[in-house]
Amino acid sequence: MAVNANTQETYAVTTIREDIQDALTSITPTETIFMSTIGTRNVDNTYFEWAEVDLAAVSTSNRVIEGEAAPGNDAATNAVRKGNYTQISDKVVEVSNTAEAVNGVGDAQGVAEQVAYKLKELKRDMEAMLLSNVEGVAGASGTARQTAGLPAFLTTNASRGTGGADGTTSGTGSAGYPNAAATDGTQRAITETLLKAVIKDCWDQGAEPSVVLCGSAQKQTISAFTGNATRFKEAEDAKLMAAIDVYVSDFGELQIVPARHVRARDVFVLDPSYAQVAYLQTAKQEPLAKTGHSERRLISVEYGLQVTSEKAHGVVADIS
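Predicted model only: the values in this text are computed from it and were never measured.

Engineer: Would you take a moment to explain the overall build of the chain for this structure?
Structural biologist: Of regular secondary structure, the chain possesses six helices and 17 strands. Within the chain, the fraction of its 320 residues that count as buried is 37%. Restricting the contact set of the chain to residue pairs at least 6 apart, pairs at least 24 apart contribute 73%. Approximately 18,500 Å² of the chain is accessible, and the part contributed by carbon and sulfur atoms is 49%.

Structure (C-alpha cells):
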C-alpha cells in the first residue's frame, strides 16, 4: 500500500526518546559470596585480636592406677593470640546541582542513585581484597593500613605447587598477624585427588568444611569430576544440570560455589563458622564540604578479616 505525501514517519524523526528502562539494570556482578558466607563481628581497635585454642593431642596411654596418690600435672592448654589490622575503603560521589535537578533517564545521575552504585562498588572491592594474597600492614602517617587476606592465613591445610610456600606470622609459632603473604608456586591443574586431600586435611583438624569457593574455570573443571561428585537432577523438567552444585565427599557434602572475585589460582575449602568480617566502622555515607554548584558524599567502611581458626579451612593453591 502506498503512503500519502508528507506523512510523518518515525524514520525521519530524530527526537524520539530511547526505550530505556527507568529502573536501570546493570550486568556488572555485585554478589559477594565470601562475605555473605562467613559471619561478622564488631571490633574496637585498628589492630584486633582473637584467641585460638588447640587441645592436646589424643593420648592412647591415658590410664592410671586406682587410688593413685600423686597424679602428675598435665601441660596447660593455652590459647594463641591471633590478630589482624583493619583497613579503610571509600568511594566519593560529586554531583552538580544541575545534574540533580534535570529529569534524566532512570535518574542515574542523581546523588541518591550515585551513592547506591558506589556502595555496590565498595562491597565488591571489599570482597576482592579479603580474598587477596596480601599480608597485614600496620600503616603509618601517609601509609594506609592493610588487612591480611584469606590466602595469607592458610598454612595447615595448604596444597601448593612447586616452589610455593606458606605465609608467616608476626609472633612465635602461629601467633600474631600474617606479616608475609603466601609465596605463589608453579601452577598445575586442579584434580579431584588434590581437592579430596585438602578436604581430608580440614576434617582431620576437626573442621566440618561445607563450601568450596573457586573461580569460573575451576568450577567447570570440578564439574567434570567423576569420583564421588554428584549432580542434581531437576524434577520439574527432568533436565540434568551440567554442573556440580554439591560435592559428596567422604566427610560430608560441600557446596561448589563459583566466586567472581577469588583469584583464579586459588580453590578454597571453607568452614564458614571459623571466619568473620570484623567491622571497626560499618558502611556509612557523610556529606563533604560544599564548595560550589555541586554536592559531595563520602561512602566509607573500616573493616578487617578474622580467620578464627586457619585449621578449619584449606586451599588448593597454584591452580592453572
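From this point on, the discussion continues.
Engineer: Any chance you could explain helix α5 (residues 192-204) here in plain terms?
Structural biologist: Structural remark: α-helix, 3.6 residues per turn; residues separated by three or four positions point the same way. With 13 residues, α5 should reach 18 Å at 1.5 Å per residue; the first-to-last C-alpha distance of 18 Å fits that figure. Gly206 occupies a position one or two residues after α5 and carries a positive phi of about 105°.

Engineer: Would you mind showing me how to read the pattern of salt bridges here?
Structural biologist: Any two side chains of opposite charge can pair, so long as their charged atoms come close to each other. Overall, the coordinates contain 16 salt bridges when judged by the stated rule. For Lys91, the salt bridge goes to Asp125, with nearest N and O atoms at 3.5 Å. Highlighted residues: Lys91 in strand β4 (residues 87-96) and Asp125 in helix α3 (residues 111-130), separated in sequence by 34 residues. Judged by its relative accessible area of 21%, Lys91 falls in the partly exposed class. A salt bridge links Glu302 to Arg145; the nearest nitrogen and oxygen atoms lie 2.2 Å apart. Pair noted here: Glu302 is in strand β16 (residues 294-306) and Arg145 is in the loop between α3 and α4 (150-153), with a separation of 157 residues, a long-range link. Taken together, the shared-partner salt bridges connect Asp184, Arg263, Arg265, Asp266 and Asp318 into one network.

Engineer: How do you make sense of the sheet that holds β16 when you look at a structure like this?
Structural biologist: Strands in a sheet are paired, the pairing made by backbone hydrogen bonds, and the direction either parallel or antiparallel. The four strands are arranged β1-β15-β16-β4 in an open sheet whose pairing can be described as mixed. At either margin of the open sheet sits one strand with a lone partner, and together these are β1 (39-42) and β4. When strand polarity is set aside, the average angle formed by the axes of neighbouring strands in this sheet is 30°. Here strand β15 (residues 276-287) pairs with β16 via nine bridges, running antiparallel. Bridged to Val277 within β16 is Leu305. Across the face of the sheet, α3 comes into contact with β4, β15 and β16 while running at roughly 25° to β16.

Engineer: Where do I start with the environment of Val53 in this structure?
Structural biologist: Mapped onto the elements, Val53 comes out in strand β2 (residues 47-53). Residue classification places Val53 among the partly exposed positions, given a relative accessible area of 48%. Note: C-alpha distance between Val53 and Thr77 (24 residues apart in sequence) is 7.5 Å. With sequence-adjacent residues up to four places away left out, Val53 is seen in contact with Thr77 and Ala79.

Engineer: Help me understand the packing of aromatic side chains in this model?
Structural biologist: For any pair of aromatic rings, the description rests on two quantities: the centre-to-centre distance and the angle between the ring planes. Evaluation of the coordinates by the stated rule reveals six aromatic pairs. Each ring, one from Trp50 and one from Phe153, has its centre 6.3 Å from the other, and the planes form 40°; the classification is tilted. Here the residue Trp50 occupies a position in strand β2, and Phe153 occupies one in helix α4, the gap between them amounting to 103 residues. A relative accessible area of 6% means that Phe153 is categorised as buried. Through pairs of rings, three or more aromatic residues link up here, namely Tyr47, Tyr85 and Tyr177.

Conventions and cut-offs
Residues numbered from 1 in each chain as written. Predicted model: local features only at pLDDT ≥ 70, side-chain atom pairs only at ≥ 80, totals over all residues. Heavy atoms only, no water. Helix = DSSP H or I, 4+ residues; strand = E, 2+ residues; numbered from the N terminus. Buried < 20%, exposed > 50% of the residue type's maximum accessible area, 1.4 Å probe, protein only. Contact = heavy atoms within 4.5 Å. Areas by Shrake-Rupley, 256 points an atom, 1.4 Å probe, with all protein chains shown as cover. Expected span 1.5 Å × (residues − 1). Salt bridge = Lys/Arg side-chain N within 4 Å of Asp/Glu carboxyl O. Pairing = 2+ DSSP bridges. Axes fitted to C-alpha atoms, helices over the stretch in contact; angles between N-to-C directions. Phe/Tyr/Trp six-rings, centres within 6.5 Å; stacked < 30°, edge-to-face > 60°.

This is a description of form; function is not addressed.
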